[in-house]
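# Structural characterization, general
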Amino acid sequence: MAGVPIWSARLCSALLIIFFGCSEARSFGIDYENDTFVLDGKPFRYVSGSIHYSRVPNQYWKDRLTKMFAAGLNAIQVYIPWNIHEPFQGQFDFSGQQDVVAFLRLTHSIGLYVILRPGPYICAEWEFGGFPAWLLKGNNDIQLRSSDPRYIKAVDQWFDVLLSEIAPLLYVNGGPIISVQVENEYGSYFACDYDYLRFLRQKMIDILGNDVVLFTTDGDGVGYLRCGTLEGLYTTIDFGITYDPAQNFNVQRKWEPRGPLVNSEFYTGWLDHWGESHSHTDAAAFAKSLDLLLAYGANVNMYMFEGGTNFGFWNGANMPFAPVPTSYDYDAPLTEAGDITGKYLAISKVISKYYPPPPIPIPPSTPKFAYGKITMNLVSTIPDYLEKYTPGGPIKSKYPINMEEIDHYYGFVMYRHILKDNVSWPTTLDIMGVRDRGYVMINQIPFGIIEREKNTTVNIKGVIGDYLDILVENQGRINYGDNMNDNRKFLSQTKWSIEHTSIVYRTTSCSKEGTSSNGHLL
C-alpha cells in the first residue's frame, strides 16, 4: 500500500513529547477516493495490536508497549472498562492501575498511535462487558445497550467525565488517539436501537469534536452489520484467520463501497473458559494470513497482542454459563507474563516485509524468580471470619436478597438459615437459582457444592438450632449476548422439605481487590 513509512509518520508525534506542537496542523481522516486513511495529509495504514491496561500491572505497561513497538506495530487498540473507573455510582477513579490517561501518554511517548474503544459496552470477556454492576440495583427491568432512559442517564454522566479526560489526547490535539469506536459489535445484540447509537455518536461529537474518526466494529456477516452500523460512523469488521481476504472484505464493502479496508479484531488466539483446555492458534497459519491481509492493503488490529490477567473478580462469563478464568493469555504473541513467543517473532517477520524494522531491538522476556516454598497457615474459617468482621452485622430477611441490592457487587455472600426442625435422615436441598456456585455447610461441616445450570441439589441433615450456611460465589457476570440484562447474583428458588421462615445474610470484608474491608456487604 502506498504511503509514508511508519517511522516518518511518527516523527511529528514523537517530537510533540518535547516541543508540545508541530509547525503544521495535525489531522487524521479518511480519503474515500483513494481507499485509505490520511495522517497529516499523507496516506496512512495502521498495523496494530490490542492490549488492555486493566489486565497488565501498571508497572509493566512500558515493558509490554515497548515490545509491541519493537515487533513493528505502529498503533495499539485499547478498551476502557467503565466498571473499574466508576465502581459506585458517581465515584470516579482514574488513579494508579486505573490511570488510563497515564497509559495513553506512555503509549504516545513510545511512538504508538491509539485506536480507542471507550464503550460504554466493551465485551472483552470482562466482568459484565465493562458495565458497572450498580446499573442493576433497583432496575429489575432495565434494558442495557438501548434507549432506556435509566441506562442513557448513567451513560451520559459517565461519558461527560470520560470523554473530557481523553479529548486532550486526540491526535488533532497533540495526543496519540487517531480514531474512536462507538459502542462495540452492536450488530450482535438483539436491541437494534438506532436511536441509542445516534445518542452515542452525538455525545462523542459534542465533547470530542467533528474532526475525530468515529467507527463501528462488527462481525463479517451481513446480519451483524445491519444493526451495528450508522450513518456518520465508519464501518469496520472483524474476523480470524483467512486465506481469501477479498471474501471477508466484500461484507465491509457492502456498507463502505470506498474507504480503507479494516479488520478491527484479527484474532491471534482465543479465550478460555473454566474446565476447558487452553486455546491455541497455530503461529504459522496466523502469520500466513496476516501476510495476505497486509498484501491486500488492509489495516489490521491483532486481538490480542498481549492478553494479560483478570485480576480480582474482573473476569466475565458466557452462556451457557461458562466463566472466564483468571488467565486471559489468549495464546497471544506476548504471553500473559509478557514473554516473547514464536508467534511474536513470526508476526514481526511478516511486518518487516512491508515496513522498515523498528529502531530498537526486541527486548528480552520478563525475568522470572524462584520464590521458594510458600507456607500457608489457617487463620479462620469463612463463617467464623464473617461472624467477627461483618460491618454492621448481618442482614435479616424472609427471602434471599441479591448482591446488587446490598451494594456488594463481587466476590462472595453467605446466606444462613437456622434449622427449625430435626433432619435425622439425609434430606434433599434443591437450590435451582444459585448464581453462581454455592458451598453448603451445616455448622461449618461441608455437605456439598451446588452450581449454576449443573448440580443444584445436595443432601443435608441436622438438628434444631443448627446453622445451614450457603456461601455463594459470584463467578463473573455475563459479558456477551442477550442474557446480559439477567445478570444479578443471588440464591433463590429453594425447594426443600424443611419449614423455614427467615434467612440471615452475612457480609464479608473481602473487597473488590480481595484483600481488605470496604464496609460493603458480600
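Residues numbered from 1 in each chain as written. Predicted model: local features only at pLDDT ≥ 70, side-chain atom pairs only at ≥ 80, totals over all residues. Heavy atoms only, no water.

Identification of the protein chain as Beta-galactosidase from Potamilus streckersoni is taken from an unreviewed UniProt entry.

## Focus on the overall build of the protein chain
Within the protein chain one finds 11 helices and 22 strands. For the protein chain, long-range pairs separated by at least 24 residues make up 76% of all intrachain contacts whose partners lie at least 6 apart in sequence. Of the accessible surface of the protein chain, which amounts to about 21,500 Å², a share of 55% is contributed by carbon and sulfur atoms. (Helix = DSSP H or I, 4+ residues; strand = E, 2+ residues; numbered from the N terminus. Contact = heavy atoms within 4.5 Å. Areas by Shrake-Rupley, 256 points an atom, 1.4 Å probe, with all protein chains shown as cover.)

## Here's the deal with the pattern of salt bridges
By the definition in use, this model includes 25 salt bridges. Note that Asp35 and Arg258 form a salt bridge whose closest N and O atoms lie 2.9 Å from each other. Residue Asp35 is located in the loop between β1 (28–31) and β2 (36–39), and its partner Arg258 is located in the loop between α8 (245–255) and β10 (262–267); the two are separated by 223 residues in the primary sequence. Relative accessible area serves as the criterion here: at 26%, Asp35 is assigned to the partly exposed category. Given a relative accessible area of 41%, Arg258 falls into the partly exposed group. (Salt bridge = Lys/Arg side-chain N within 4 Å of Asp/Glu carboxyl O. Buried < 20%, exposed > 50% of the residue type's maximum accessible area, 1.4 Å probe, protein only.)

## Re the pairing of β2
Here β2 shows no split at all, with Thr36 and Val38 on one side and Phe37 and Leu39 on the other all buried. Sheet analysis places β1 next to β2, joined by four bridges and oriented antiparallel. Bridge pairing in β2 links Asp31 to Thr36. The turn joining β1 and β2, which pair antiparallel and follow one another in sequence, is formed by four residues; a positive phi near 55 degrees is taken by Asp35. Relative to strand β3 (residues 42–44), β2 runs antiparallel, the two being bridged by three bridges. What sits directly across from Phe37, in β3, is Phe44. (Pairing = 2+ DSSP bridges.)

## Brief notes about the sheet that holds strand β9 (residues 234–238)
Here eight strands make up a closed barrel; going around it, the order is β4-β5-β6-β7-β8-β9-β10-β11 and the pairing parallel. Averaged over neighbouring strand pairs, the angle between their axes works out to 30 degrees when direction is ignored. Strand direction decides the pairing type here: strand β7 (residues 177–181) and strand β8 (residues 213–219), joined by three bridges, are parallel. Paired with Gln181 across the strands is Phe215, a residue of β8. (Axes fitted to C-alpha atoms, helices over the stretch in contact; angles between N-to-C directions.)

## Comments concerning the state of the cysteines
Inspection of every chain in the model, using the stated rule, returns one disulfide. Disulfide pairing places Cys192 opposite Cys227 at an S-S distance of 2.0 Å. Taking the torsion about the S-S bond as the criterion, the Cys192 to Cys227 disulfide, at about -85 degrees, is left-handed. In this pair, Cys192 sits in the loop between β7 and α6 (194–208) while Cys227 sits in helix α7 (residues 222–228), placing the two residues 35 residues apart along the sequence. Given a relative accessible area of 25%, Cys192 falls into the partly exposed group. (Disulfide = S-S within 2.5 Å.)

## Examining the side chain of Glu125
Note on placement: Glu125 falls in the loop between β6 (113–117) and α5 (149–166). Arg55 is the oppositely charged side chain nearest to the buried, salt-bridge-free Glu125, at an N-O distance of 5.6 Å. Excluding residues within four positions of it along the chain, Glu125 makes contact with Arg55, Leu271, Tyr303, Asn310, Asn315, Gly316, Asn318, Val324, Tyr328, Tyr330 and Asn479. (Lys, Arg positive; Asp, Glu negative; His and termini not counted.)

## Let's talk about the sheet that holds β1
Pairing in this open sheet of three strands is antiparallel, and the strands run β1-β2-β3 from one edge to the other. Edge positions in the sheet fall to β1 and β3, since each has one partner strand and no second. The average angle at which neighbouring strand axes cross in this sheet is 45 degrees, direction not considered.

## Re a nonpolar patch on the surface
A grouping of Ile241, Tyr243 and Leu292 is seen on the molecular surface, where their side chains present a nonpolar patch of about 260 Å² in accessible area. As for its position among the elements, Leu292 is in helix α9 (residues 283–295). (Patch = residues over 30% accessible without salt bridge, like charges linked within 9 Å, V, L, I, M, F, W, Y side chains within 5 Å.)

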